[in-house]
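# Coordinate inspection notes
Spelled out from the first residue to the last, the chains are:
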Amino acid sequence: MKKKSLIVLLLVAFIIFMIYIKLKDKSIYYVNIQDIYDSVEYSYPIRNEIEKKEKLEKFVEFRYEDLRITDLIQMIRENDYIYVDHKKQTIQNALIKADIITLFVGMNEVSYGLSKKYPEDIYNYMDTLLLDIETLLEEIKKYSKEKVFFIGYYYELEKDKGYITYLNEKLEKICKKEGVTYIPNETYLNKNKNIANIQSSVLNKFTFS
């Protein structure tokens, strides 16, 4: 009798555990990695929408000032960390756990590249930046098997449109190669439209029940 009761208790515990796992899998662990270039908030509208649907398991944001792509690559390799709710959070662990990763990085470098005097120097700088981005995505994909989104670059001045178009077209091809979703960002003048487009591009990849 005791043996049967024990089996029943174990079975009930197993069922409860499986229900917990199933419900937990419906929640979303969201990671945003972004350099501080302007005041545009790309991640918060996405996070807020997930919160409204009561599906947000955790939101972790690695947000840096004057961040270069090469710096970020090194930070991932060295497993840099931040504190979230007074607890240490490493970047590798966040990438492993994340259901969604959004990236908006490199804008400081793009701005610097556009300041160069000669077109040839600008294009050469962009090509080097693209190689760094490819390495970055390779590093991220070592840890993440889930959905990664790279938000494209925008131009603030009409004279820079051709350079940014060139950069984004190359970037989109790299993203496709690495299994990352590229999201167009158009011009800075359309920033509100851009944010709405980014939000829908990310959330449309998920079915909320």
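Residues numbered from 1 in each chain as written. Predicted model: local features only at pLDDT ≥ 70, side-chain atom pairs only at ≥ 80, totals over all residues. Heavy atoms only, no water.

### Focus: the environment of arginine 63
On the secondary structure map, arginine 63 appears in strand 2 (residues 56-65). On the accessibility criterion, arginine 63 (26% relative accessible area) is partly exposed. Separated by 28 residues in sequence, arginine 63 and aspartate 35 place their C-alpha atoms 5.6 Å apart. Within the structure, the side chain of arginine 63 is placed 3.3 Å from the side chain of glutamine 34, a separation counted as a polar contact. (Helix = DSSP H or I, 4+ residues; strand = E, 2+ residues; numbered from the N terminus. Buried < 20%, exposed > 50% of the residue type's maximum accessible area, 1.4 Å probe, protein only. Polar contact = N/O pair within 3.5 Å; in protein donor to acceptor, adjacent residues only side chain to side chain.)

### Here's the deal with the nonpolar core
The tendency in soluble globular proteins is for nonpolar side chains to be buried as a group. Val31, Ile33, Phe62, Val110, Phe150 and Tyr153 are the most contacted members of the largest nonpolar core, which totals 59 residues. When residues in this core are grouped by element, the largest group, eight residues, is from helix 6 (residues 119-143). Filtering out sequence-adjacent residues up to four positions away, phenylalanine 150 remains in contact with Leu103, Val105, Ile133, Leu137, Leu171, Cys175, Val180, Thr181, Tyr182 and Ile183. (Core = buried A, V, L, I, M, F, W, Y, C linked by side-chain atoms within 4.5 Å. Contact = heavy atoms within 4.5 Å.)

### Side note on the sheet that holds strand 6 (residues 147-151)
Each strand in a sheet pairs with another by means of backbone hydrogen bonds, the pair being arranged parallel or else antiparallel. Strand order in the open sheet formed by five strands is 2-1-5-6-7, with parallel pairing between adjacent strands. Two strands in the sheet have a free side with no partner beyond their single neighbour: strand 2 and strand 7 (181-183). Ignoring strand direction, the axes of neighbouring strands in this sheet form an average angle of 15 degrees. As judged from the three bridges shared by strand 6 and strand 7, these two strands associate in the parallel manner. The residue bridging phenylalanine 149 from the neighbouring strand is threonine 181, located in strand 7. Helix-sheet contacts for helix 7 (residues 161-178) involve strand 6 and strand 7, and the interaxial angle to strand 7 is about 160 degrees. (Pairing = 2+ DSSP bridges. Axes fitted to C-alpha atoms, helices over the stretch in contact; angles between N-to-C directions.)

### As for the pattern of salt bridges
Taken as a whole and judged by the stated rule, the model has eight salt bridges. Close ionic contact of lysine 177 with glutamate 134 constitutes a salt bridge, the shortest N to O distance being 2.4 Å. You can see lysine 177 sitting in helix 7 and its partner glutamate 134 sitting in helix 6, a full 43 residues away along the chain. Taking the relative accessible area as the measure of exposure, lysine 177 reaches 57% and is therefore exposed. Note on glutamate 134: relative accessible area 16%, which makes it buried. Salt-bridge contacts for aspartate 160 lead to lysine 159; the nearest nitrogen and oxygen are separated by 3.1 Å. (Salt bridge = Lys/Arg side-chain N within 4 Å of Asp/Glu carboxyl O.)

### A closer look at the pairing of strand 6
For strand 6, the tally of buried residues reaches four of five residues, placing the bulk of the element in the interior. In this region the chain leaves strand 6, passes through helix 7 and returns to the parallel neighbour strand 7; the handedness of that crossover is right-handed. (Right-handed = clockwise from strand over helix to strand, strands pointing away.)

### As for the side chain of asparagine 168
Relative to the assigned elements, asparagine 168 resides in helix 7. A polar contact of 2.9 Å, which involves the side chain of asparagine 168, links it to the backbone oxygen of tyrosine 153. Not counting residues up to four positions away in its chain, the partners in contact with asparagine 168 are Gly152, Tyr153 and Tyr182.

### What about the confidence of the model for the protein chain?
In the predicted model, the protein chain carries a mean pLDDT of 82, and 76% of its residues have values of at least 70. Per-element mean pLDDT across the protein chain ranges from 48 in helix 1 (residues 2-25) up to 97 in helix 6. Overall, residues 18-23 carries pLDDT values under 50, and its contacts beyond four positions in sequence, including any with other chains, amount to zero contacts. (pLDDT = per-residue confidence, 0-100.)

### With respect to helix 3 (residues 69-77)
Looking only at helix 3, the buried set comprises Ile69, Leu72, Ile73, Met75 and Ile76. In a view along the axis of helix 3, the buried residues occupy a sector of 160 degrees, so they form one face of it. At its buried positions, helix 3 is contacted by strand 1 (28-36), strand 2, helix 4 (91-97), helix 5 (107-114) and helix 6. At the exit of helix 3 stands asparagine 79, carrying a positive phi of roughly 55 degrees. (Arc of directions from axis to C-beta.)

### Some thoughts on unusual backbone geometry
The phi dihedral of glutamate 54 falls on the positive side, at around 55 degrees, and the residue is not glycine. Here glutamate 54 is to be found in the loop between helix 2 (43-52) and strand 2. According to the relative accessible area criterion, glutamate 54 is exposed, its value standing at 72%. A positive phi is found at asparagine 79, a non-glycine position, where the angle reads about 55 degrees. Residue asparagine 79 is classed as partly exposed on the basis of its relative accessible area, which comes to 26%.

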